[in-house]
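Tertiary structure, described
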Amino acid sequence: MSTATRKSPLTDWTVIVPVVALIALILSWGRELPGFAVALVALCLAGAVLAAVHHAEVVAHRVGEPFGSLVLAVAVTVIEVALIVTLMADGGDKTASLARDTVFAAVMITCNGIVGLSLLVGALRNRVAVFNAEGSGAALATVATLAVLSLVLPTFTTSKPGPEFSTAQLTFAAVASLALYGLFIAVQTVRHRDYFLPVATGAAASGGTGATGGDGGGGAEGDGGGDGDHAEPPTVRATLISLGLLLVALVAVVGDAKSVSPAIEAGVAKAGLPNAVVGVIIALLVLAPETLAAVNAARRDRVQTSLNLGYGSAIASIGLTIPAIALASIWLSGPLLLGLGPIHMVLLALTVVVSALTIAPGRATLLQGGVHLVVLAAYLFLAVSP
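Residues numbered from 1 in each chain as written. Predicted model: local features only at pLDDT ≥ 70, side-chain atom pairs only at ≥ 80, totals over all residues. Heavy atoms only, no water.

With respect to the packing of helix H4 (residues 98–126) against helix H11 (residues 288–299)
Two measures define how a pair of helices packs: the angle their axes make with one another and the distance between the axes. In plain terms, the rule: For helices, the axis comes from a line fit to the C-alpha atoms of the stretch in contact; other axes are also lines fit to C-alpha atoms, and the angle between any two N-to-C directions lies between 0 and 180 degrees. Secondary structure elements are taken from DSSP: a helix is a run of H or I of four residues or more, a strand is a run of E of two residues or more, and numbering for both begins at the N terminus. For classification, angles of less than 35 degrees are called roughly parallel, those exceeding 145 degrees roughly antiparallel, those between 65 and 115 degrees roughly perpendicular, and all remaining angles oblique. Take the far helix as your reference; a near helix turned counterclockwise from it by less than a right angle gives a left-handed crossing, and one turned clockwise gives a right-handed crossing. Should any heavy atoms of two residues lie within 4.5 Å, those residues are considered in contact.
It is the contact of H4 with H11, at a shortest axis distance of 8 Å, that shows an interaxial angle of 20 degrees. Between H4 and H11, the crossing angle belongs to the class labelled roughly parallel. Note that H4 runs across H11; the crossing there is right-handed. Between H4 and H11, the contacting residues are Ile 114, Leu 117, Ser 118, Val 121, Gly 122 and Arg 125 on the first element and Glu 290, Thr 291, Ala 294, Val 295, Ala 298 and Arg 299 on the second.

Structural data, given as structure tokens:
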């Protein structure tokens, strides 16, 4: 297509939709919305999710892996933290467990939903989905440690009654979470970056699942990467524009989710469902951009990128949320319930065991993807019917 006939970037839907979604956020913020307005905001939210995925892929193409998946994971998580703190500040005692419910939902959705869908799509395309066991295993170990320190231990500590940390324990959990998150980022992006790069499908299929199969610049896995993997990277100007629009889209996603959250809470209460379902729905909405981006990467034979997104989002969700909640607890009134119940601890243990068995070989089939999705389905069902 010639320059003369090419559509102006200012009329592209990926530019217009985030702006419209942000306007919807501004107009709806702090107001009680009627039914039709909730539907319009929800429509804007869906469009902002799709636009966020597009701009995240533009940025990722420019900076390469693993930085591309890191940008989306951190951006979404930072805004998710702001949403949780805002809801807790407005909700009082009834939101005491919101941080726990949302973070645990994020862990289950990323480690079972995003990972399961990515492995399923990758295996459907090439019969076997391949990835770096070293990098994915390190990420899984970090997720498991963060989840146990922040979400399991509060159930068993005795300094305070109930599934709560004392002030000293919460401070330790926050510092440990930040330290582990920082260490993981250093390993992922500097010291062992090759562990998180895509694997050549041919090498892995013949038994080479290690980092030596990765390309030095984060290129496509296999031969079927598609045109996007071989196209020229976007210019610095285009990347910066996409980065700005990505942030706008993510603010709109989380803000619009907050705008419709009263309707969600009312619907959950009217249906007689547990209050924890609100955290599940919020996590599903907020993680939609990462889910779509991960599935798109798997369709292009870049399963390692999908796993980077899944496990990276789980690590960021715990590693950034717990310190932020610990800081916010200084002025937030009411209890802060972080400890999981028995059902959720069983599901977390099952997720860790299944994930370890999936990651260890460095390759997975349809079965592994299906197992992860069944675990997620069990979590969602038990959230509705505990």
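Structural notes on the packing of H4 against helix H13 (residues 342–359)
Keep this limit in mind: In this classification, Asp, Glu, Lys and Arg are treated as charged, Ala, Val, Leu, Ile, Met, Phe, Trp, Tyr, Cys and Pro as nonpolar, and every other residue, Gly included, as polar.
At a closest axis distance of 11 Å, the pairing of H4 and H13 adopts a crossing angle of 30 degrees. Of the two elements, H4 crosses H13, and the hand of that crossing is left-handed. The segment H4 lies against H13, with Phe 104, Val 107, Met 108, Cys 111, Asn 112 and Leu 119 engaging His 344, Leu 347, Leu 348, Thr 351, Ser 355 and Thr 358. Each residue belonging to the contact of H4 with H13 can be placed in one class, and the counts come to seven nonpolar, five polar and no charged.

Some thoughts on the packing of aromatic side chains
Any aromatic ring pair is given by two values, namely how distant the centres are and how the planes are angled relative to each other. The following threshold applies: Pairing of aromatic side chains here covers Phe, Tyr and the six-membered ring of Trp, requires ring centres within 6.5 Å, and sorts the geometry by plane angle: under 30 degrees stacked, over 60 edge-to-face, intermediate tilted. Three labels apply to residues, based on accessible area from a 1.4 Å probe with only protein chains included: buried if under 20% of the type maximum, exposed if over 50%, partly exposed otherwise in between.
Under the counting rule described, the total for this entry stands at two aromatic pairs. Taking the centre distance of 5.5 Å and the plane angle of 80 degrees together, the rings of Phe 104 and Tyr 379 count as edge-to-face. Of this pair, Phe 104 sits in helix H4 while Tyr 379 sits in helix H14 (residues 366–384); the two residues are 275 residues apart in sequence, bridging distant segments of the chain. For Phe 104, a relative accessible area of 2% gives the class buried. Note on Phe 184 and Phe 196: the rings are 5.7 Å apart at their centroids and 90 degrees apart in plane angle, and the pair reads as edge-to-face. Taken together, the residues span a long stretch of sequence, with Phe 184 in helix H6 (residues 167–191) and Phe 196 in the loop between H6 and helix H7 (201–205) at a distance of 12 residues.

Quick notes on helix H9 (residues 236–270)
For clarity, the threshold we go by: Expected span of a helix: the number of residues minus one, times 1.5 Å. In this scheme, the bend at a residue equals the angle between the axes fitted to the seven residues that finish there and the seven that begin there.
Taking 1.5 Å as the rise per residue, H9 with 35 residues should run 51 Å; its terminal C-alpha atoms sit 50 Å apart, in good agreement. Maximal helix bending in H9 amounts to about 40 degrees, located at Val 260; proline Pro 262 follows within four positions. Looking one or two residues past H9, Gly 272 carries a phi angle of roughly 75 degrees, positive in sign.

Some remarks on the pattern of salt bridges
To keep it simple, the criterion reads: One side-chain nitrogen of Lys or Arg within 4 Å of one carboxyl oxygen of Asp or Glu is enough to make a salt bridge.
The final tally for this structure, using the stated rule, is three salt bridges. Note that Asp 101 and Arg 100 form a salt bridge whose closest N and O atoms lie 3.2 Å from each other. When its relative accessible area of 16% is taken as the criterion, Arg 100 is described as buried. Between Asp 301 and Arg 125 there is a salt bridge, and its shortest N-O distance comes to 2.6 Å.

A few points about the confidence of the model for the chain
Our working definition: Confidence of the prediction at every residue is given by pLDDT, a number between 0 and 100.
With 87% of its residues at a pLDDT of at least 70, the chain reaches an overall mean of 81. Ranking the elements of the chain by mean pLDDT puts H7 last with 47 and H13 first with 96. Here residues 1–11 scores under 50 on pLDDT; set against residues more than four positions off or in separate chains, the count is six contacts.

Focus on the nonpolar core
Definition in use: Take the buried residues of types Ala, Val, Leu, Ile, Met, Phe, Trp, Tyr and Cys, join any two whose side-chain atoms come within 4.5 Å, and each joined set is a nonpolar core.
Counting residues in each nonpolar core, the largest one holds 82 residues, and the members touching the most others are Met 88, Tyr 311 and Tyr 379. Discounting residues that sit within four places of it in the chain, Met 88 has contacts with Thr 95, Ala 96, Leu 98, Ala 99, Ile 325, Leu 332 and Leu 336.

Structural notes on H13
For H13, with 18 residues, the first-to-last C-alpha span of 26 Å sits near the 26 Å given by 1.5 Å per residue. Among all positions in H13, only Met 345, Leu 347, Leu 348, Thr 351, Val 354, Ser 355, Thr 358 and Ile 359 are buried.

As for a nonpolar patch on the surface
Going by this rule: Residues enter patches when they are more than 30% accessible in relative terms and free of salt bridges; like-charged ones are connected within 9 Å and nonpolar ones (Val, Leu, Ile, Met, Phe, Trp, Tyr) within 5 Å. Surface accessibility in these figures is a Shrake-Rupley result with a 1.4 Å probe; residues are shielded only by whichever protein chains are displayed.
Together, Val 236, Leu 240, Leu 243 and Leu 247 make up an exposed nonpolar region whose accessible area comes to about 340 Å². Secondary-structure assignment places Val 236 in helix H9.

Quick word on the environment of Ser 150
Selection criterion: In protein, a polar contact requires one atom able to donate a hydrogen and another able to accept it; more generally it is a pair of N or O atoms within 3.5 Å, and residues adjacent in sequence count only if both atoms are side-chain atoms.
Tracing the chain through its elements places Ser 150 in helix H5 (residues 133–156). A relative accessible area of 0% places Ser 150 in the buried class. C-alpha separation for the pair Ser 150 and Gly 319, spaced 169 residues apart in sequence, amounts to 9.2 Å. Ser 150 has contacts with Phe 165, Ser 177, Ile 318, Ile 322 and Leu 338, leaving out every residue within four places of it along the chain. At a separation of 3.5 Å, a polar atom in the side chain of Ser 150 contacts the side chain of Ser 177.

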